[in-house]
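Read off the chains here:
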Amino acid sequence: MTALGAAGSPVAASPVAASLATAVADTGRTGTGEATLFWVLAPIMVLAALGLLFARKAIHAAMCVVLVMVSLAFLYVAQDAPFLGVVQVVVYTGAVMMLFLFVLMLVGVDASDSLVETIRGQRWLGLLFGVGLAVLLVGVVTRVTYPAPVGLAEANAASNPVGVARLIFGDFVFAFEVVGVLLVTAALGALVLTHRQRLVRKVGQRELARRRVAGLGKTEADRDAVERKGIAPLPAPGVYARTNAMDVPALDPQGRPIEQSVSRVLRVRGQERELEAVGVVPGPATGPVAGQLPAGPASPGLHLEAGEDGGADRHAPTPQAGAPGETAGPATPITTGRGPEVVP
Amino acid sequence: MNLSNYLVLASVLFAIGATTVLLRRNAIIVFMGVELMLNATNLVLVTFARQHGDLSGQVMAFFVMVVAAAEVVVGLAIIVQIFRTRRSASVDDVNLLKS
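Quantities reported herein were computed from a predicted structural model and do not represent experimental measurements.

### Some remarks on the overall build of chain B
Okay, so step 1: Helix and strand content of chain B: 3 helices and 0 strands.
Okay, so step 2: Tracing chain B from N to C terminus, the helices and strands come up as α-α-α.
Okay, so step 3: By the burial criterion, 62% of the 99 residues in chain B qualify as buried.
Okay, so step 4: The contacts of chain B with a sequence gap of at least 6 include a subset with a gap of at least 24, amounting to 54%.

See the structure below:
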């Protein structure tokens, strides 16, 4: 009888004396089913762990770790530890890794690694250490001779959770209580660590709205705030016949794209789409054209909503960003106070 | 199949986790490497519980899981706090104590 069957089937849990005797004699050895499970899962786990080591994005690394942990839960169940298998899924993949994902989202998904070595040769030394550690551990583990495996059929006679519970609330009850105190302390510690003391009074929505309207043209700081954010909420992105995605700007009454209607994140990442890409011909670029209302800074509300760059150069094609480190230097030669530089 | 196969797998996972801790700069990924090492240790504990026919190994693995959960809570809180003050999650940027 395989250990997998002993863990999974209720037959093993119900103590039938005759079958139990054979199970006790046999359970330390592994059967074909367990070997197949192991040889399927082990390469997947090692590959996923290497994914954690080499993944460029933190999210991919987190998903690789989730894969490793779920596979480990399978292996626990196969090794007569169904209770630990369930706890592994609930605690590790359910709680811990989701916490990791939350923090990744909080910190920012594209907070990627820099590849600059601060310590010279650290990468190769680290790899060497890792390979050396693996070789050492595997060497030790494979060269030791073990006694014949006993198996858990006897210990799991009254089901695995019952056996584990007898130990936890019997021999290990003091450790269990200490761990409970540790958990409470950790929760309080996390609360204290992430607490932020408010230094200034909280500004509510009502006060904010009043300040924005009242600040129109009063103090310089208020005017700046209104200039930046506008009185009204930001306009929604454009909805067109062929697309309504949020990466296409909306049109103002003059038919020109409103850049602020596209999310700031998309603009920063350069994922904004041009109007021409969706088959919309934007309005004329500059100045009042015959038969059209004059646009521009004359109407403050429209101006504020459309952005502070006046509209004239708003949809002029922005120059492509150069490669990092490439700057456009001054076109004219620089003369110093000492006169022209003499090149030998 | 021999039970030491599980131990070999756990050793490889542990070494990969240790290498992750050494090589990566993102504090969150470093932390995930620590989690991987803890998981590899748990696999060893469960395997030896089966080898010796004693459930104490499984109980120890259970305690490791609980302590790891507490450790993750505090560690991630520290990372979030550092990110708030330094705007970076890289372990290289935490160098204020360097003279």
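### Examining the overall build of chain A
Okay, so step 1: A tally of helices and strands in chain A yields 13 helices and 2 strands.
Okay, so step 2: Expressed as a percentage of the 344 residues in chain A, the buried residues total 30%.
Okay, so step 3: For chain A, the proportion of contacts with a sequence separation of at least 24, taken over those separated by at least 6, is 57%.
Okay, so step 4: As presented, chain A carries roughly 22,100 Å² of accessible surface, and 67% of it is formed by carbon and sulfur atoms.

### Remarks on the side chain of Asn42(B)
Okay, so step 1: Tracing the chain through its elements places Asn42(B) in helix H2 (residues 27–52).
Okay, so step 2: Apart from residues no more than four positions distant in its own chain, Asn42(B) is found in contact with Tyr76(A), Tyr92(A), Ala61(B), Val64(B) and Met65(B).

### Quick word on the pattern of salt bridges
All names here are of chain A.
Okay, so step 1: Taken as a whole, this structure holds 4 salt bridges over all chains when the rule is applied.
Okay, so step 2: The shortest N-O distance in the salt bridge between Arg273 and Asp247 comes to 3.2 Å. Residue Arg273 is located in the loop between helix H12 (264–269) and helix H13 (300–306), and its partner Asp247 is located in the loop between helix H11 (220–229) and strand S1 (250–251); the two are separated by 26 residues in the primary sequence.
Okay, so step 3: With a closest N to O distance of 3.5 Å, Arg256 and Asp252 form a salt bridge.
Okay, so step 4: For Arg256, a relative accessible area of 8% corresponds to the buried category.

### A closer look at the packing of helix H4 (residues 32–54) of chain A against H2(B)
Okay, so step 1: Packing of H4(A) against H2(B) brings their axes to within 11 Å, and their N-to-C directions diverge by 160 degrees. The angle between H4(A) and H2(B) falls in the class roughly antiparallel. H2(B) is crossed by H4(A), and the crossing has left-handed handedness. For the pair H4(A) and H2(B), the contacting residues are Glu34(A), Ala49(A) and Leu52(A) in the first and Ile29(B), Met32(B), Gly33(B), Leu36(B) and Arg50(B) in the second.
Okay, so step 2: In terms of residue class, the contact of H4(A) with H2(B) is built from 5 nonpolar, 1 polar and 2 charged.

### Description of the UniProt feature "transmembrane region" (unreviewed entry) in chain A
All names here are of chain A.
Okay, so step 1: Per the UniProt annotation, the sites labelled "transmembrane region" (unreviewed entry) are residues 37–54, 61–78, 90–112, 124–146 and 166–193.
Okay, so step 2: Structurally, residues 124–146 is divided into 87% helix and 0% strand, and its ends, taken at the C-alpha atoms, are 35 Å apart.
Okay, so step 3: Overall, residues 166–193 shows 86% helix and 0% strand. The separation of its end C-alpha atoms is 37 Å.

### Things to note about unusual backbone geometry
Residue and element names in this part refer to chain A.
Okay, so step 1: The phi dihedral of Asp80 falls on the positive side, at around 65 degrees, and the residue is not glycine.
Okay, so step 2: Within the secondary structure, Asp80 is located in the loop between helix H5 (58–78) and helix H6 (82–107).
Okay, so step 3: For Ser159, which is not glycine, the phi dihedral falls at a positive 60 degrees.
Okay, so step 4: Within the element layout of this structure, Ser159 appears in the loop between helix H7 (122–143) and helix H8 (160–168).
Okay, so step 5: Since its relative accessible area comes to 24%, Ser159 is described here as partly exposed.

### A few points about the interface of chain B and chain A
One frequently used descriptor of interface size is the decrease in accessible area upon assembly of the parts.
Okay, so step 1: Chain B puts 67 residues into the contact, and the matching count from chain A is 89 residues.
Okay, so step 2: Taking both sides of the interface into account, the surface hidden between chain B and chain A amounts to around 7,000 Å²; carbon and sulfur atoms contribute 75%.
Okay, so step 3: Put simply, chain B and chain A have 1 salt bridge between them.
Okay, so step 4: Between Glu34(A) and Arg50(B) there is a salt bridge, with its nearest N and O atoms 2.9 Å apart.
Okay, so step 5: Elements with a minimum of two residues in the side of chain B that touches chain A: helix H1 (4–23), H2 and helix H3 (56–86) of chain B.
Okay, so step 6: If one sorts the elements of the side of chain B that touches chain A by residue count, H3(B) sits on top with 22 residues.
Okay, so step 7: Here the side of chain B that touches chain A is composed, by residue class, of 44 nonpolar, 16 polar and 7 charged.

### Some thoughts on the UniProt feature "transmembrane region" (unreviewed entry) in chain B
All names here are of chain B.
Okay, so step 1: Within the UniProt annotation, "transmembrane region" (unreviewed entry) is assigned to residues 6–23, 28–48 and 60–80.
Okay, so step 2: Summarising residues 28–48: 100% helix, 0% strand, and an end-to-end C-alpha distance of 31 Å.
Okay, so step 3: Its end C-alpha atoms 30 Å apart, residues 60–80 is made of 100% helix and 0% strand.

Basis of the calculations
- Residues numbered from 1 in each chain as written.
- Chains lettered and ligands numbered in written order.
- Predicted model: local features only at pLDDT ≥ 70, side-chain atom pairs only at ≥ 80, totals over all residues.
- Heavy atoms only, no water.
- Helix = DSSP H or I, 4+ residues; strand = E, 2+ residues; numbered from the N terminus.
- Buried < 20%, exposed > 50% of the residue type's maximum accessible area, 1.4 Å probe, protein only.
- Contact = heavy atoms within 4.5 Å.
- Areas by Shrake-Rupley, 256 points an atom, 1.4 Å probe, with all protein chains shown as cover.
- Salt bridge = Lys/Arg side-chain N within 4 Å of Asp/Glu carboxyl O.
- Axes fitted to C-alpha atoms, helices over the stretch in contact; angles between N-to-C directions.
- Parallel < 35°, antiparallel > 145°, perpendicular 65-115°, else oblique.
- Left-handed = near helix turned anticlockwise from the far one by under 90°.
- Nonpolar A, V, L, I, M, F, W, Y, C, P; charged D, E, K, R; others polar.
- UniProt positions renumbered as here; feature names shortened; annotations may be inferred.
- Buried area = accessible area lost by both parts, 1.4 Å probe.

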